[in-house]
Amino acid sequence: LKNGADVNARGNFGKTALMYAVQFNLLDTAALLLERGADVNAKTTDTSDCWSGINISDRTALMYAAENADRTMVDLLLENGADAKAVDSRKYAADAYVDRNSKLSGDQDMDLYRRLRDAKGPQ
C-alpha cells in the first residue's frame with residue numbers, strides 16, 4: 001500500500017484483500033485496509049470459492065465476518081459503512097451466514113443476528 005498498490009485489487013474468486021483479511025480474522029489488516037480506502041461493500045465474482053466450498057457470488061466482507069461469527073470484525077465493518085442488507089446471488093444477507101458457524105451458542109447466535117438485522121445501511 002505504501003508503494004501504491006490498489007487497495008481494491010481483486011484476486012482469486014474476485015475477492016479483495018479486505019475480504020481475505022476478514023475471512024481469516026486479521027482484524028488489524030482489515031482496519032488498515034479500511035483506513036486506506038478499501039471498498040467495504042465490494043462483492044465477489046460469480047466463480048466458486050474453494051475455501052468455503054460454496055458456489056455463491058456477490059458475497060461481501062460482512063458476510064465472511066458473519067460466517068466466522070466474529071463480532072469485533074462485524075462491528076468494524078458496520079462502523080465503516082458495511083451494508084448489512086446487501087444480498088448474495090442466493091438472496092441471503094449477512095445475517096443468514098451466522099448459521100454456517102456451528103461453534104456459537106444460541107445466545108451468541110441471537111446477539112449477532114440482532115446486530116446485523118438492526119444495522120443501518122451504508123452512510
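Everything here concerns the structure above.
Owing to the predicted nature of the structure, the values given are computational and were not obtained by experimental measurement. (Residues numbered from 1 in each chain as written. Predicted model: local features only at pLDDT ≥ 70, side-chain atom pairs only at ≥ 80, totals over all residues. Heavy atoms only, no water.)

Draft legend 1. Unusual backbone geometry, seen in detail. Of note in this structure, Asn25 is not a glycine but carries a positive phi near 55 degrees. Within the fold, Asn25 resides in the loop between α1 (17-23) and α2 (27-35). Here Asn25 falls in the partly exposed class, since its relative accessible area comes to 39%. The residue Ala69 is not glycine, and still its phi comes out positive at about 55 degrees. Positionally, Ala69 belongs in the loop between α3 (61-68) and α4 (71-79). Residue Ala69 is classed as buried on the basis of its relative accessible area, which comes to 18%. (Helix = DSSP H or I, 4+ residues; strand = E, 2+ residues; numbered from the N terminus. Buried < 20%, exposed > 50% of the residue type's maximum accessible area, 1.4 Å probe, protein only.)

Draft legend 2. Spotlight on α3. For α3, the tally of buried residues reaches seven of eight residues, placing the bulk of the element in the interior. Along α3, the positions that sit buried rather than exposed are Ala61, Leu62, Met63, Tyr64, Ala65, Ala66 and Glu67. Positioned one or two residues after α3, Ala69 has a phi angle of 55 degrees, which is positive.

Draft legend 3. The arrangement of the environment of Leu33 in detail. Within the secondary structure, Leu33 is located in helix α2. With a relative accessible area of 7%, Leu33 lands in the buried category. Considering only alpha carbons, one finds Leu33 and Ala21, twelve residues apart in sequence, at a separation of 8.8 Å. What Leu33 contacts, discounting residues up to four positions off in sequence, is Leu1, Val7, Ala17, Leu18, Ala21 and Ala38. (Contact = heavy atoms within 4.5 Å.)

Draft legend 4. Geometry of the pattern of salt bridges. Considering all chains together, one arrives at four salt bridges under this definition. Arg115 is paired through a salt bridge with Asp75; the nearest N and O atoms lie 2.6 Å apart. Placement of the pair is Arg115 in helix α6 (residues 106-118) and Asp75 in helix α4, with a sequence separation of 40 residues. Since its relative accessible area comes to 29%, Arg115 is described here as partly exposed. Using a relative accessible area of 16% as the deciding quantity, one classes Asp75 as buried. (Salt bridge = Lys/Arg side-chain N within 4 Å of Asp/Glu carboxyl O.)

These figures capture arrangement, not role.
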